[in-house]
Amino acid sequence: MNISLLLTCNTYLSIIFFCCILFDICIRSIYGHIHPSTSFSNQGCQLRAYFAHVCFCIFYYSFVLQAIFRLFRVVFYRKKILQSMKTFICAILLQWIFSLIFIFPHILFDDFQYQSLDYNCWISFRNLRGMFLAILTIYVAPLALTMIIYMSILRYVRQTVTLRRKRRRANKRDVIILRRILLLLVSLILIGIPTLIILIICIITDYLTPFAYDIQALNISVGLVITAIILGFITPKIRSIFRQNGQVTSNTVTQNIIQYTTYSTLSQSRVDNL
């Protein structure tokens with residue numbers, strides 16, 4: 001396994017964990033709407049909200065790690081230790097630990113409040129301190145870091161004219177990937193837009209739609225699915241894996257058709273001889 005594939009698997013793992021928690025949240029919400037007298041207001045509710053936000057935090061910071069890897073490969077390509085597998089395994093472990101730490105203040109400030117209309121715990125849109133802290137930590141900071149790193153890479157590639165042919169070819173490949181990553185960055189930005197719109201409307205008009213948390217959960221779910229598809233498209237290793245599997249499936253089907261045709265021809269010949 002190369003480092004690029006490792007970092008992509010790290011992103012997919014955060015998506016899987018988040019979707020598992022979100023599935024549990026949705027099941028409880030559906031059950032609560034069917035049985036309105038039910039209440040899930042307990043410590044487990046806050047823990048589910050905590051780990052959901054942790055996974056979402058890991059998801060966004062995983063793209064910072066991918067940007068750092070490309071920065072090391074393009075700008076600091078002579079320092080092989082920065083491109084080693086051990087370095088990025090340690091970086092992934094630190095990323096998960098720091099994500100746990102980044103979200104922990106919301107537990108201390110009791111930000112994950114039970115929402116009776118949704119039967120789950122969320123950071124209330126009326127809790128401006130909690131919402132701004134979450135948006136800054138989970139959304140704004142990793143996106144800003146990712147964009148700054150990619151802009152630095154592009155600037156370095158444009159300024160460095162006299163490169164060896166091999167290095168220039170490698171940088172050209174990375175620039176192509178960077179252009180594809182722009183599409184990924186757009187999808188990452190769009191994930192947070194509905195939440196920001198609901199928050200702004202709530203601040204200005206003091207009105208919060210009853211479907212605010214449902215819209216937030218639905219938007220995140222759709223955004224994660226789209227991001228997972230785009231990520232598979234821009235990652236050469238994953239694309240080649242799917243291409244190989246497709247070729248194997250195609251070859252298997254072709255062989256089965258040939259065998260069936262041959263068998264049918266032989267059977268028909270035997271019937272004609274009889």
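Shown above is the structure to which this text applies.
Below you will find a few notes about this structure. Computed from a predicted model, the values in this text were never measured in an experiment.

The next subject is the pattern of salt bridges. Inspection of every chain in the model, using the stated rule, returns four salt bridges. A salt bridge links R126 to D206, with the nearest nitrogen and oxygen atoms 2.9 Å apart. Within this pair, whereas R126 is found in the loop between strand 2 (120–123) and helix 4 (128–159), its partner D206 is found in the loop between helix 5 (165–205) and helix 6 (212–234), the two being separated by 80 residues in sequence. Using a relative accessible area of 46% as the deciding quantity, one classes R126 as partly exposed. Look at the salt bridges and you will find they share partners, linking D24, R28 and R48 into a network.

Taken as a whole, the largest pocket spans an internal volume of roughly 200 Å³. In terms of lining residues, the largest pocket is bounded by 14 residues, among which V64, L65, I68, A91 and Q95 are the most central. No other element matches helix 3 (residues 85–108), which puts eight residues into the lining of the largest pocket. Considered class by class, the residues forming the lining of the largest pocket number 11 nonpolar, three polar and no charged.

This part covers the packing of aromatic side chains. Each aromatic ring pair is described using two quantities: the centre-to-centre distance and the angle formed by the ring planes. According to the stated counting rule, one finds 17 aromatic pairs in the structure shown. An angle of 45° between the planes, with centres 5.4 Å apart, marks the rings of F125 and Y213 as tilted. Here F125 is found in the loop between strand 2 and helix 4, whereas its partner Y213 is found in helix 6, with 88 residues between them in sequence. This pair shows no difference in class: F125 is buried, exactly as Y213 is. Ring pairs connect the aromatic residues F18, F56, F59, Y60, F63 and Y139, which therefore count as one cluster. One cation-aromatic arrangement involves R129 over F109; the distance from NZ or CZ to the ring centre is 4.6 Å.

The subject of this paragraph is empty space enclosed by the protein. A water-sized probe, rolled over the atoms, reveals where empty space remains. Tallied over the full model, the rule gives two cavities of 30 Å³ or more. Of the voids in this model, the largest cavity is the one considered here, and its volume is about 320 Å³. Lining the largest cavity are 20 residues, and of these H53, F56, T195, Q216 and I220 sit closest to its centre. If one sorts the elements of the lining of the largest cavity by residue count, helix 4 sits on top with five residues. When grouped by side-chain class, the residues that make up the lining of the largest cavity number 16 nonpolar, four polar and no charged. Within this model, the second largest cavity holds a volume of roughly 40 Å³. Forming the walls of the second largest cavity are S4, L7, T8, Q66, F69, R70, L231, I234 and T235. For the lining of the second largest cavity, the secondary structure elements donating two or more residues are helix 1 (3–34), helix 2 (43–74) and helix 6. The class makeup of the residues in the lining of the second largest cavity is four nonpolar, four polar and one charged.

Quick notes on the rules
Residues numbered from 1 in each chain as written. Predicted model: local features only at pLDDT ≥ 70, side-chain atom pairs only at ≥ 80, totals over all residues. Heavy atoms only, no water. Salt bridge = Lys/Arg side-chain N within 4 Å of Asp/Glu carboxyl O. Helix = DSSP H or I, 4+ residues; strand = E, 2+ residues; numbered from the N terminus. Buried < 20%, exposed > 50% of the residue type's maximum accessible area, 1.4 Å probe, protein only. 1 Å grid on protein atoms, 1.4 Å probe; cavity = no way out; pocket = protein on both sides within 12 Å on 5 of 7 lines; lining within 4 Å. Points joined across faces, edges and corners; volume = space filled by probe spheres on them. Nonpolar A, V, L, I, M, F, W, Y, C, P; charged D, E, K, R; others polar. Phe/Tyr/Trp six-rings, centres within 6.5 Å; stacked < 30°, edge-to-face > 60°. Lys NZ or Arg CZ within 6 Å of the ring centre and 35° of its normal.

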